[in-house]
Amino acid sequence: MSEAVEQAPDQTAVQAMPRLEAVRADKPLAGRKILIIVENLPLPFDRRVWHESRTLTAAGAQVCVICPTGKGYEDTYEEIDGVHIYRHSLPLDAKGASGYLLEYGAALFHETRLAWKIWRKHGFDTIQGCNPPDLLFLVALPFKLMGKRYIFDHHDINPELYEAKFNKRGFFWKLMVLFERLNFFFANVVISTNNSYKAIAMERGKKREEDIFVVRSGPDLNRLHVMEPNPRWKAGRDHMVGYVGVMGDQEGIDLLLEAAREIVFERGRDVQFVLVGGGPALEDLKTMAADLGLANHVTFTGRAPDDELFEVLSSADVCVNPDRVNPMNDKSTMNKILEYMAFSKPIVQFEVVEGRYSAAEASLYAEPNNTTDMADKILSLIDDPDKSAEMGRIGRERVVNELGWDHQVDTLVAAYQRAKG
């Protein structure tokens, strides 16, 4: 066993969260009533918004959340850990511009309906809108006229996201630019997920630096349970590569499949690939894997429960982030990277600014969109377990000491204190 493995921290131990415990004791937001609106994922499945909600509740605030329903989250109302969750249905899993228009229109209707219901039943003084889309200011506007405050929690840069999805600009891209500008304009405070997004808030959003707070999507290490590796995920093969994330057109999973083809057929390596997650491109990706002859070498789990997700991450030799290098992915922080690091996994990803900031020396960086270089770097880690273990240790320590959720607590509370005015 390598020295790096022998010195690895006990990942099963309860991780102290001194900042969260401090706000739980001090209750700096006592008396505040908060409404959070998120469209793309249900709670508590949306981990960032769930961490925010529980932190604000711990700080003494009343928190209500509007979000969509989803598999396993079908109840239209539920109270969990003191958070009031109101869910609404959406018509479809959108694909194409017209599909997104239908989804966003339906979501705005339900968000507005539920916001008024929550205002009458619970009351609120602050609305936090979590994009995408950049239309949530429309829900907040009537309440702003009543003196309520609006916080824009900037999850995605939508003009770049639209261009990444559809590989074009045009009329709808211009709408994205307009909506983003209006979302920033009406926000009293902006919460940015990283420094690249903070720069966008200042440059495109014209926000003052003192009104912007960087709250990263750090994982809660007490939620991510390291498990015993399960050999079934390797399907009898020597090694396993893991991926966790959305199965969408812009995630670059087609590039990962091409790298897998090179590893399996051109290099003759006995490697299984396990891809965890659901999304609109899932069936197309399954078809692509079959067309490449990889049906027996790639496992698609679909959206998986936590225990299965944690077992996959615990069993992987290497984890990958194949996001294409484009303006969207270059500036965005991917939650999967931080989760890989929390599980002490060495990472391979393409060279992007925020990906390198998050992972630092816990990752190797392939040439932009170069599947051969990605295949080379995956195999270099598989063939060097000592280096892999050391990279995993570095990543875990970085999450524990700097990027985990407890390090975001004070900044989130400060954003709400600033928004009070």
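Being a predicted model, the structure only gives us computed values, none of them experimental. (Residues numbered from 1 in each chain as written. Predicted model: local features only at pLDDT ≥ 70, side-chain atom pairs only at ≥ 80, totals over all residues. Heavy atoms only, no water.)

Participant: What should I look at first to understand the overall build of the protein chain in this one?
Facilitator: Each helix and strand counted, the protein chain has 17 helices and 14 strands in total. Over its C-alpha atoms the protein chain spans a radius of gyration of 21 Å, differing by no more than 12% from the 22 Å that the globule rule assigns to 421 residues. Principal-axis analysis of the C-alpha atoms gives the protein chain an extent of 65 × 50 × 40 Å. Looking at the 421 residues of the protein chain, the share that counts as buried comes to 56%. (Helix = DSSP H or I, 4+ residues; strand = E, 2+ residues; numbered from the N terminus. Rg over C-alpha atoms; globule rule 2.2 N^0.38 Å. Buried < 20%, exposed > 50% of the residue type's maximum accessible area, 1.4 Å probe, protein only.)

Participant: I tried to follow helix 13 (residues 335–342) on my own but got confused; where do I start?
Facilitator: Three or four residues apart is the spacing at which side chains of an α-helix point the same way, because the helix has 3.6 residues per turn. Counting buried positions along helix 13 gives 7 out of 8 residues, so the element sits mostly inside the fold. Those residues of helix 13 lying buried are Lys 336, Ile 337, Leu 338, Glu 339, Tyr 340, Met 341 and Ala 342. Buried-residue contacts for helix 13 involve strand 9 (239–244), helix 11 (306–315), strand 12 (318–321), strand 13 (347–350), helix 14 (353–359) and helix 16 (385–403). Just downstream of helix 13, Ser 344 is the residue with a positive phi angle, here 60°. (Contact = heavy atoms within 4.5 Å.)

Participant: Explain the sheet that holds strand 5 (residues 126–130) to me, please; I cannot follow it from the model alone.
Facilitator: Across a sheet, strands are paired by hydrogen bonds formed along the backbone, either parallel or antiparallel in direction. The strand order across the open sheet formed by 8 strands is 3-4-2-1-5-6-7-8, and the pairing between neighbours is mixed. Single-partner strands in this sheet number two, and they are strand 3 (77–80) and strand 8 (212–214). The average undirected angle you get between the axes of adjacent strands in this sheet is 20°. Bridge analysis of strand 1 (residues 33–38) against strand 2 (residues 62–68) gives 5 bridges, and the strand direction is parallel. (Pairing = 2+ DSSP bridges. Axes fitted to C-alpha atoms, helices over the stretch in contact; angles between N-to-C directions.)

Participant: Looking at this structure, I do not really get the environment of Gly 392. What am I missing?
Facilitator: Note on placement: Gly 392 falls in helix 16. Sequence spacing of Gly 392 and Asp 323 is 69 residues, and the spatial spacing of their C-alpha atoms is 20 Å. The residues contacting Gly 392, other than those within four sequence positions of it, are Met 341, Ser 344, Lys 345 and Pro 346.

Participant: For this particular structure, what's the right way to read the nonpolar core?
Facilitator: Within soluble globular proteins, side chains that are nonpolar generally end up buried alongside one another. Grouped together as the largest cluster of nonpolar side chains are 61 residues, with contacts concentrated most on Phe 273, Leu 275 and Met 341. Considering each element in turn, this core owes the most residues, 8 residues, to helix 9 (residues 253–266). Setting aside anything within four residues of it in sequence, one finds Phe 273 in contact with Val 241, Leu 256, Ala 260, Ile 263, Val 264, His 297, Val 298 and Thr 299. Residues Tyr 86, Phe 143, Phe 184 and Ala 201 belong to the second largest nonpolar core, which totals 34 residues. (Core = buried A, V, L, I, M, F, W, Y, C linked by side-chain atoms within 4.5 Å.)

Participant: Which parts of the structure should I look at to understand the packing of aromatic side chains?
Facilitator: Between two aromatic rings, the relevant description is the distance of the centres plus the angle of the planes. Scanning all chains against the criterion turns up 11 aromatic pairs. Plain terms: the ring middles of Phe 45 and Tyr 73 are 6.2 Å apart, the flat faces sit at 55° to each other, and that makes the pair tilted. Of this pair, Phe 45 sits in the loop between strand 1 and helix 3 (47–58) while Tyr 73 sits in the loop between strand 2 and strand 3, and the two are 28 residues apart along the sequence. Given the relative accessible area of 19%, Tyr 73 is considered buried. Members of the aromatic cluster, connected to one another through ring pairs, are Trp 116, Trp 119, Phe 124 and Phe 143. Between Lys 121 and the ring centre of Tyr 77, over which it is positioned, the NZ or CZ distance is 5.5 Å. Note that Arg 303 overlies the ring of Phe 45, its terminal NZ or CZ placed 4.5 Å from the centroid. (Phe/Tyr/Trp six-rings, centres within 6.5 Å; stacked < 30°, edge-to-face > 60°. Lys NZ or Arg CZ within 6 Å of the ring centre and 35° of its normal.)

Participant: I would appreciate a short explanation of the packing of helix 5 (residues 137–144) against helix 7 (residues 171–186) in the present structure.
Facilitator: Helices that pack against each other are described as a pair by the angle of their axes relative to one another and the distance between those axes. Packing of helix 5 against helix 7 leaves a shortest axis separation of 10 Å and a crossing angle of 30°. Considering their axes alone, helix 5 and helix 7 lie roughly parallel with respect to each other. Helix-helix and strand crossings are classified by hand; for helix 5 and helix 7 the assignment is left-handed. Two secondary-structure elements touch here, helix 5 through Phe 137, Leu 141 and Lys 144 and helix 7 through Phe 179, Leu 182, Asn 183 and Phe 186. Of the residues belonging to the contact of helix 5 with helix 7, the class tally is 5 nonpolar, 1 polar and 1 charged. (Parallel < 35°, antiparallel > 145°, perpendicular 65-115°, else oblique. Left-handed = near helix turned anticlockwise from the far one by under 90°. Nonpolar A, V, L, I, M, F, W, Y, C, P; charged D, E, K, R; others polar.)

Participant: Even after reading the chapter, I still don't get the pattern of salt bridges, so can you show me in this structure?
Facilitator: When charged atoms on two side chains of opposite charge get close, those side chains can pair. Going through the model one piece at a time under the given rule, you end up with 34 salt bridges. One salt-bridge network, in which partners are shared between bridges, spans Arg 47, Arg 223, Asp 306 and Glu 339. (Salt bridge = Lys/Arg side-chain N within 4 Å of Asp/Glu carboxyl O.)

Participant: When you look at a positive patch on the surface in this model, what are you seeing that I'm missing?
Facilitator: Together, Arg 113, Lys 117, Arg 120 and Lys 121 line one region of the surface with positive charge. Inspection of the secondary structure assignment puts Arg 113 in helix 4 (residues 97–121). A relative accessible area of 39% means that Arg 113 is categorised as partly exposed. (Patch = residues over 30% accessible without salt bridge, like charges linked within 9 Å, V, L, I, M, F, W, Y side chains within 5 Å. Areas by Shrake-Rupley, 256 points an atom, 1.4 Å probe, with all protein chains shown as cover. Lys, Arg positive; Asp, Glu negative; His and termini not counted. Charge placed at Lys NZ, Arg CZ, Asp CG, Glu CD.)

Participant: Got a minute to help me understand the packing of helix 9 against helix 10 (residues 282–291) in this structure?
Facilitator: Contact geometry for helix 9 and helix 10: axes closest at 10 Å, N-to-C directions at 20°. Judged by the angle between their axes, helix 9 and helix 10 are roughly parallel. Between helix 9 and helix 10 lies a crossing of right-handed hand. Across the interface between the two elements, Ile 253, Asp 254 and Leu 257 of helix 9 pack against Leu 285, Met 288 and Ala 289 of helix 10. When its residues are assigned to classes, the contact of helix 9 with helix 10 shows 5 nonpolar, no polar and 1 charged.

Participant: What's the story with helix 6 (residues 158–166) in this structure? I'm lost.
Facilitator: Within helix 6, the full set of buried residues consists of Asn 158, Pro 159, Glu 160, Leu 161 and Tyr 162. Elements in contact with the buried residues of helix 6: helix 7 and helix 12 (327–331). With its phi angle positive at about 55°, Asn 167 sits one or two positions after the end of helix 6.

Participant: It is not clear to me how the side chain of Asn 188 should be interpreted in this structure. Could you clarify?
Facilitator: One can find Asn 188 in the loop between helix 7 and strand 7 (189–192). Side-chain polar atoms of Asn 188 contact the backbone nitrogen of Tyr 150, separated by 2.8 Å. Non-local contacts of Asn 188, meaning those with residues more than four positions away in its chain, are made with Lys 144, Arg 149, Tyr 150 and Asp 211. (Polar contact = N/O pair within 3.5 Å; in protein donor to acceptor, adjacent residues only side chain to side chain.)

Honestly, it's all geometry; don't read function into it.
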